[in-house]
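Reading the structure
What follows is the residue order along each chain.
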Amino acid sequence: MKQNINVNNQYIGRFAPSPTGRLHIGSLLCAVGSFLDARANNGQWLLRIEDIDPPREEAGAADDILRTLQAFALYWDGEVVYQSKRYHLYHEALDYLLEKGEVYPCYCSRKTVKENGIMGVDGVVYNGNCRKQSNIKSAGKNYAYRLYVDDDEILFNDRIVGFYKQDIKREVGDFVLLRADGLWAYQLAVVVDDAMCRVNHIVRGQDLLVSTPRQIYLSKRLNYKPIQYAHLPLLTNRQGQKWSKQTLAPHLDLNCKENLLRQVLIYLGLPEPIPADSCENILQWAIVNWDIKRVPSNFIITEN
Ligand code: GLU
């Protein structure tokens, strides 16, 4: 699968929210962090709505995310990319891997995967049952496609977290690219889209750090160019839980958006005092003062 060429080697970053709910303070921090890093490097900042898992999505959330970003003056470059319109690209990538014999159909149910695997860094490690075609009892069953993962230890240097290492064969195992219910796996869609959009810098939350070695591994299998990563600290509640829909993250009150923005900039290590001004002017100031070395690498507990 051919990746487009970035002629000038310009910085291309992105923000890629899933429309599972409205933005909250944690996702705002990711949006602002990725925006500032792109703009401070004279780069582009793309927006991609990751709407490939309809059962988890909330009606109206995608439009709400766009409106919220605009309210904070977080203006993106180009057209919004919707993953739901790009299944053909994921198919192409899967076909390429199929042709090279790098993926295999897996007929195991979630239950058998759970019962037969040990716990890894991100769920159960698949025991590789369907690697041996003779083990497959396929009659009439739906199947997933998994990528063969062989003896690769992935090490990368994150711009915020530093060196991060994972033995994906042992700690994750052969992972799913197309699910048995016909939905594309996040790992495949994200890798294909970042490559096709020529993204070369990813700045996102540390909840995805554990996925990054899989994405680097898959991206190598697809002959894509390497990407620089920076994983931002997570904002948590007092119990240490990441703010999300499940932990009932409060909605962003747009009546005090300047204060929220200033708060996020403080979390990101911007120097104080932060000007009391419009979001647009605060962001302009933040671009000039942005220094990724000042971003804390640990999670941050917030009051609400
Ligand atoms: N869609 C993912 C999320 O909202 C982020 C994907 C990414 O940044 O790679 O958590």
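I will try to describe carefully the structure that is included in this document. (Residues numbered from 1 in each chain as written. Predicted model: local features only at pLDDT ≥ 70, side-chain atom pairs only at ≥ 80, totals over all residues. Heavy atoms only, no water.)

This brings us to the nonpolar core. The biggest cluster of nonpolar side chains holds 49 residues, and the ones touching the most others in it are Val-32, Leu-36, Trp-45, Leu-69, Leu-74 and Leu-268. Looking at this core, the elements with two or more residues in it are helix 1 (25-40), strand 2 (44-49), helix 2 (61-71), strand 12 (228-232), helix 8 (257-267) and helix 9 (279-289). Ranked by residues supplied to this core, first place goes to helix 1 with nine residues. With 40 residues, the next largest nonpolar core counts Tyr-90, Ile-154, Ile-168 and Leu-177 among its residues. (Core = buried A, V, L, I, M, F, W, Y, C linked by side-chain atoms within 4.5 Å. Buried < 20%, exposed > 50% of the residue type's maximum accessible area, 1.4 Å probe, protein only. Helix = DSSP H or I, 4+ residues; strand = E, 2+ residues; numbered from the N terminus.)

It is worth spelling out the site of the ligand at this point. Taken together, Arg-14, Ala-16, Pro-17, Ser-18, Glu-50, Tyr-186, Val-190, Arg-204 and Leu-208 make up the full set of residues adjacent to the ligand. Between the ligand and Ser-18 there is a distance of 2.7 Å, counted from a nitrogen atom to a side-chain nitrogen or oxygen. Coverage of the ligand by the protein amounts to 78% of the 300 Å² it exposes when considered alone. Its residues assigned to classes, the shell around the ligand shows five nonpolar, one polar and three charged. (Near = heavy atom within 4 Å. Polar contact = N/O pair within 3.5 Å; in protein donor to acceptor, adjacent residues only side chain to side chain. Areas by Shrake-Rupley, 256 points an atom, 1.4 Å probe, with all protein chains shown as cover. Nonpolar A, V, L, I, M, F, W, Y, C, P; charged D, E, K, R; others polar.)

Next up on the list: the packing of helix 6 (residues 186-196) against helix 7 (residues 212-221). In contact at an axis separation of 10 Å, helix 6 and helix 7 are set at 60 degrees when each is read in the N-to-C sense. The angle between helix 6 and helix 7 falls in the class oblique. Seen along the crossing, helix 6 lies across helix 7 with a hand that is right-handed. Note on element contacts: helix 7 touches helix 6 through Arg-214, Gln-215, Leu-218 and Ser-219, opposite Tyr-186, Gln-187, Leu-188, Val-190 and Val-191. Within the contact of helix 6 with helix 7, the residues separate by chemical class into five nonpolar, three polar and one charged. (Axes fitted to C-alpha atoms, helices over the stretch in contact; angles between N-to-C directions. Parallel < 35°, antiparallel > 145°, perpendicular 65-115°, else oblique. Left-handed = near helix turned anticlockwise from the far one by under 90°. Contact = heavy atoms within 4.5 Å.)

Glancing now at the packing of aromatic side chains. On inspection of all chains with the given rule, the structure shows nine aromatic pairs. Between Phe-156 and Tyr-164, the aromatic rings sit 5.8 Å apart at their centres with planes inclined by 55 degrees, giving tilted as the arrangement. Joined through ring pairs, the aromatic side chains of Phe-15, Phe-35 and Trp-45 make up one cluster. Lying across the ring of Tyr-82, Lys-85 places its NZ or CZ 4.6 Å from the centre. (Phe/Tyr/Trp six-rings, centres within 6.5 Å; stacked < 30°, edge-to-face > 60°. Lys NZ or Arg CZ within 6 Å of the ring centre and 35° of its normal.)

Before going further, it helps to spend a moment on helix 9. Along an α-helix, residues three or four apart share an orientation, since each turn contains 3.6 residues. All of the buried residues along helix 9 are Cys-279, Ile-282, Leu-283, Ala-286 and Ile-287. Here the buried residues of helix 9 occupy an arc of 140 degrees about the axis, which is enough to place them on one side. Packed against the buried residues of helix 9 are helix 1, helix 2 and helix 8. (Arc of directions from axis to C-beta.)

What follows covers the state of the cysteines. Scanning the model with the defined rule gives zero disulfides in all. Free of any disulfide, Cys-30 has its nearest neighbouring cysteine sulfur in Cys-279, separated by 17 Å. Here Cys-30 falls in the buried class, since its relative accessible area comes to 14%. A disulfide-free cysteine, Cys-130 has its sulfur positioned 3.6 Å from the sulfur of Cys-108, the nearest such atom. (Disulfide = S-S within 2.5 Å.)

What the rule picks out here adds up to 20 salt bridges. Two residues, Asp-53 and Arg-179, come together in a salt bridge whose shortest N-O distance is 3.5 Å. Of the two residues, Asp-53 is situated in the loop between strand 2 and helix 2 and Arg-179 in the loop between strand 10 (176-178) and helix 6; the sequence distance between them amounts to 126 residues. On the basis of relative accessibility, which here comes to 14%, the residue Asp-53 falls in the buried class. When the shortest N-O distance is used, the salt bridge between Asp-122 and Arg-214 registers 2.7 Å. One end of the pair, Asp-122, is in the loop between strand 5 (119-120) and strand 6 (123-124); the other, Arg-214, is in helix 7, and 92 residues separate them in sequence. Judged by relative accessible area, Asp-122 falls into the partly exposed class, the value being 40%. In this structure Arg-214 comes out as buried when scored by relative accessible area, which is 6%. (Salt bridge = Lys/Arg side-chain N within 4 Å of Asp/Glu carboxyl O.)

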